[in-house]
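# A structural walkthrough
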Amino acid sequence: AQTVTQSQPEMSVQEAETVTLSCTYDTSENNYYLFWYKQPPSRQMILVIRQEAYKQQNATENRFSVNFQKAAKSFSLKISDSQLGDTAMYFCAFISNFGNEKLTFGTGTRLTIIP
Amino acid sequence: DAGITQSPRHKVTETGTPVTLRCHQTENHRYMYWYRQDPGHGLRLIHYSYGVKDTDKGEVSDGYSVSRSKTEDFLLTLESATSSQTSVYFCAISESRGSSGANVLTFGAGSRLTVL
């Protein structure tokens with residue numbers, strides 16, 4: 001069974017600074033996908049970024065980028081030039097590509113951006 | 001974006017009563033899911049469906065049943081609600097499937113259920 005671990009329950013950072021959220025996972029699969037979801041106070045789950053395990057290049061979406069270390073089974077999210085609207089819960093998630101449609105989530109990191 | 005709606009958005013009920021939550025999609029996607037979200041646990045899969053009348057259990061399926069008689073509707077039923085089922089419930093649909101694409105889930109807005 002796959003597991004996803006987020007070891008930072010809470011983090012805070014000053015506006016405009018850079019912050020990195022950690023995520024590790026455990027799987028015996030070789031092909032899979034990893035995601036970061038954001039959940040603001042509105043409770044809506046919003047996809048931030050995704051990474052395909054067979055791609056060595058780290059995914060980037062504007063101010064959001066990941067550091068994907070497949071051998072170490074690590075998938076951290078970096079937020080550059082943080083903004084007040086980035087305040088939210090962030091969830092790391094994993095899904096296998098081979099018939100397992102179940103997305104496994106970490107327990108989340110609550111990020112607060114301080115003005 | 002996929003059209004996905006959950007109802008009701010909020011419900012308060014008493015222990016022992018039956019509760020049904022509805023998830024409706026307008027995109028004709030094959031896969032639908034029910035998750036519950038609790039502090040310290042993230043989101044945990046209750047049940048999912050991979051087609052009409054095709055469902056399977058997730059990691060926290062005890063006390064829940066599901067039905068999918070139409071592609072667009074996925075119902076979650078608590079036959080006899082308990083206080084431990086107080087939670088926020090999310091429905092999700094899978095927007096893409098296949099070896100060439102990541103399996104991105106799109107979530108509904110959530111349903112907050114309180115069992116007294």
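Please refer to the structure higher up on the page.
Cut-offs and rules
- Residues numbered from 1 in each chain as written.
- Chains lettered and ligands numbered in written order.
- Predicted model: local features only at pLDDT ≥ 70, side-chain atom pairs only at ≥ 80, totals over all residues.
- Heavy atoms only, no water.
- Disulfide = S-S within 2.5 Å.
- Helix = DSSP H or I, 4+ residues; strand = E, 2+ residues; numbered from the N terminus.
- Contact = heavy atoms within 4.5 Å.
- Buried area = accessible area lost by both parts, 1.4 Å probe.
- Salt bridge = Lys/Arg side-chain N within 4 Å of Asp/Glu carboxyl O.
- Nonpolar A, V, L, I, M, F, W, Y, C, P; charged D, E, K, R; others polar.

It is worth spelling out the state of the cysteines at this point. Residues and elements named next belong to chain A. Summed over all chains, the structure comprises 2 disulfides over all chains. Each sulfur of the disulfide joining Cys-23 and Cys-92 lies 2.0 Å from the other. Between Cys-23 and Cys-92 the sulfur-sulfur dihedral comes to about -70°; the bridge is accordingly left-handed. Of this pair, Cys-23 sits in the loop between strand 3 (19-21) and strand 4 (24-26) while Cys-92 sits in strand 10 (residues 88-96), placing them 69 residues apart in sequence.

The next subject is unusual backbone geometry. Look at the link from B:Ser7 to B:Pro8: it is a cis peptide, with omega at -10°. Mapped onto the fold, B:Pro8 is located in the loop between strand 1 (4-7) and strand 2 (10-13). Positive phi outside glycine occurs at A:Asp81, with the angle close to 50°. The residue A:Asp81 is located in the loop between strand 9 (74-79) and strand 10 in this model.

With that out of the way, let us pick up the interface of chain B and chain A. Across the boundary between the two partners, chain B contributes 29 residues, which contact 20 residues of chain A. Surface buried jointly by chain B and chain A totals about 2000 Å² across both partners, of which 50% is contributed by carbon and sulfur atoms. At the boundary of chain B with chain A, the tally comes to 0 salt bridges. Secondary structure elements with two or more residues in the side of chain B that touches chain A: strand 4 (32-38), strand 5 (42-51), strand 9 (87-94), strand 10 (105-107) and strand 11 (111-115) of chain B. Broken down by element, the residue count for the side of chain B that touches chain A peaks at 4 residues, all from strand 5 of chain B. Partitioned by chemical class, the residues of the side of chain B that touches chain A number 13 nonpolar, 12 polar and 4 charged.

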